[in-house]
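# Descriptive structure summary
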Amino acid sequence: MSHTRRTFVAAAALSLSLVVAGGSAKAQEFINILTGGTSGAYYPIGVALSNVYAKAIPNSKVQVQPTKASVENLNLLHARKGEIAFTLGDSLSDAWNGKADAGFTTKLSSLRAIAAIYPNYIQIVANADSGIKTLADLKGKRISVGAPKSGTELNARAVLAAAGLSYKDFSKVEYLGFGESVDLMKNRQIDVTLQSAALGVASIRDLASSIAITVVAVPADLVPKIGDPAYVATTIPANTYNGQGADIPAVAVNNFLVTNDKISDDLAYKMTKALFDDLGALHAAHAAAKVITLENGPKNSPVPLHPGAIKYYKEKGVLK
């Protein structure tokens, strides 16, 4: 074989190997799941979801990314730095509408819903020694309201405003995540923490096992004053936390799993299907996930459902 012929064959073989490698790489689905802090509910449910996806979606490479939750997640999704994310419904609405003071500098029109999942309860927990029993008692006290412009902090602003309070009414305001807030509570450096999370969240369970707490009621008649239909009146059942002997009126906001419009219909379909095919794995990961149902999946999203998710819901007969 001539030198020229050998060079041509070698080049062709190299070209073929690159095509094969490229095809193989293209076939691999990369799924980055955007969650929240490791002490909240998003993270353990996200880990369970990653295991579900790794088994159910062929050639997928799945990872879980801890974040500051809703607002950061939605901005990352819009920037194509994640494939699926957990978020609060009110943050999702703010992102869709480009609400600047909520942390969205532009309308995040690329967002698409996969499923409504479970409600977050806005839980206001005080050190029992502080004397705080009602929302009015919060005035002049030291509070942590969540990481800046996190879903929790946006919830804090809304609920406190409805109660006639602003951050100026507190002697000290900390902007910290769940775990750090609990540490300050234990060390008597703050009096109250507001956490938007699933019932039985690990951070508040940890706090209640360390000090005596009071879960502060949010009366049902206050909820309409928030002025956002994403907020609904609910109850924190008795004995959710150590020392909480009675049902406590509260307010909740639904959570969603969302993606963006650059995700293929096929991948969105597979992510939706795998989620509901193996709900038991999510139920085992956190008590909050036990209320996730297929029937509620396509309901009440403030952003459009992804076409891949729509296809799945129609197949299952829960969407016309």
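Residues numbered from 1 in each chain as written. Predicted model: local features only at pLDDT ≥ 70, side-chain atom pairs only at ≥ 80, totals over all residues. Heavy atoms only, no water.

Before going further, it helps to spend a moment on the overall build of the chain. Looking only at helices and strands, one finds ten helices and ten strands in the chain. By its C-alpha atoms, the chain is 95 × 45 × 35 Å across when sized along the principal axes. Every one of the 320 residues in the chain was classed for burial, and the buried ones make up 48%. Of the contacts made within the chain by residues no fewer than 6 positions apart, 73% connect residues no fewer than 24 positions apart. Entry remark: accessible area of the chain is about 14100 Å², with carbon and sulfur atoms responsible for 54%. Side chains of the chain carry 32 positive and 25 negative charges; the gap between the two charge centres is 7 Å. (Helix = DSSP H or I, 4+ residues; strand = E, 2+ residues; numbered from the N terminus. Buried < 20%, exposed > 50% of the residue type's maximum accessible area, 1.4 Å probe, protein only. Contact = heavy atoms within 4.5 Å. Areas by Shrake-Rupley, 256 points an atom, 1.4 Å probe, with all protein chains shown as cover. Lys, Arg positive; Asp, Glu negative; His and termini not counted. Charge placed at Lys NZ, Arg CZ, Asp CG, Glu CD.)

So, about helix α10 (residues 307-315). Taken together, the buried positions of α10 are occupied by G308, A309, Y312 and Y313. An end-on view of α10 places all buried positions within 135° of arc, on one side of the element. Looking at the buried positions of α10, the neighbouring elements they touch are β4 (111-127) and α8 (265-277). Positioned one or two residues after α10, G317 has a phi angle of 80°, which is positive. (Arc of directions from axis to C-beta.)

Going through the model one piece at a time under the given rule, you end up with six aromatic pairs. The interplanar angle of 75° and the centroid separation of 6.0 Å between the aromatic rings of Y269 and Y312 together place this pair among those described as edge-to-face. Residue Y269 is found in helix α8, and its partner Y312 is found in helix α10; the two are separated by 43 residues along the sequence. A centroid spacing of 5.9 Å and a plane angle of 65° characterise the contact between Y312 and Y313, whose relative ring orientation is edge-to-face. Owing to a relative accessible area of 2%, Y312 belongs among the buried residues under this scheme. Judged by its relative accessible area of 0%, Y313 is buried. In this structure, K311 is placed above the aromatic ring of Y269, and the distance from its NZ or CZ to the ring centre is 4.9 Å. (Phe/Tyr/Trp six-rings, centres within 6.5 Å; stacked < 30°, edge-to-face > 60°. Lys NZ or Arg CZ within 6 Å of the ring centre and 35° of its normal.)

Time to look at the pattern of salt bridges. Counted by the stated rule, this structure contains nine salt bridges. Across the pair R112 and D261 runs a salt bridge whose closest N-O atoms are separated by 4.0 Å. With a gap of 149 residues between them, R112 in strand β4 and D261 in the loop between β10 (248-260) and α8 connect regions that are remote in the sequence. A relative accessible area of 34% places D261 in the partly exposed class. Here the salt bridges share partners, and the residues they tie into one network are R80, R112 and D261. (Salt bridge = Lys/Arg side-chain N within 4 Å of Asp/Glu carboxyl O.)

Quick look at the side chain of Q123 now. Here Q123 is to be found in strand β4. In this structure Q123 comes out as buried when scored by relative accessible area, which is 1%. Only 3.3 Å separates the side chain of Q123 from the backbone oxygen of A198, close enough to count as a polar contact. Non-local contacts of Q123, meaning those with residues more than four positions away in its chain, are made with T193, L194, Q195, A197, A198, L199, V201, I204, I236 and Y241. (Polar contact = N/O pair within 3.5 Å; in protein donor to acceptor, adjacent residues only side chain to side chain.)

Another point: the nonpolar core. Of all hydrophobic cores here, the largest spans 80 residues; its most connected members are Y53, Y118, I124, L138, F276 and L282. Per-element accounting of this core gives the leading share, ten residues, to β4. Once residues within four sequence positions are removed from consideration, F276 is found in contact with A115, I292, T293, L294, G297, Y312 and Y313. One finds V125, F178, I190 and I211 within the second-largest nonpolar core, a separate group that totals 20 residues. (Core = buried A, V, L, I, M, F, W, Y, C linked by side-chain atoms within 4.5 Å.)

The share of residues in the chain with pLDDT of 70 or more is 92%, and the mean pLDDT across the chain is 91. Ignoring residues within four places in sequence, the model shows residues 7-25, a span with pLDDT below 50, making one contact including any to other chains. (pLDDT = per-residue confidence, 0-100.)

Take unusual backbone geometry next. At R188, a position not held by glycine, the phi torsion is positive, near 60°. Notably, N239 is not glycine yet its phi reads approximately 70°, a positive angle. Position of N239 among the secondary structure elements: in the loop between β9 (231-236) and β10. Residue N239 is classed as exposed on the basis of its relative accessible area, which comes to 60%.

Once that is clear, we can look at the environment of T235. With respect to the secondary-structure elements, T235 resides in strand β9. Taking the C-alpha atoms as reference, T235 lies 30 Å from T259; in sequence the two are 24 residues apart. Residues within four places of T235 in sequence aside, it is in contact with Y121, D247, I248 and A250.

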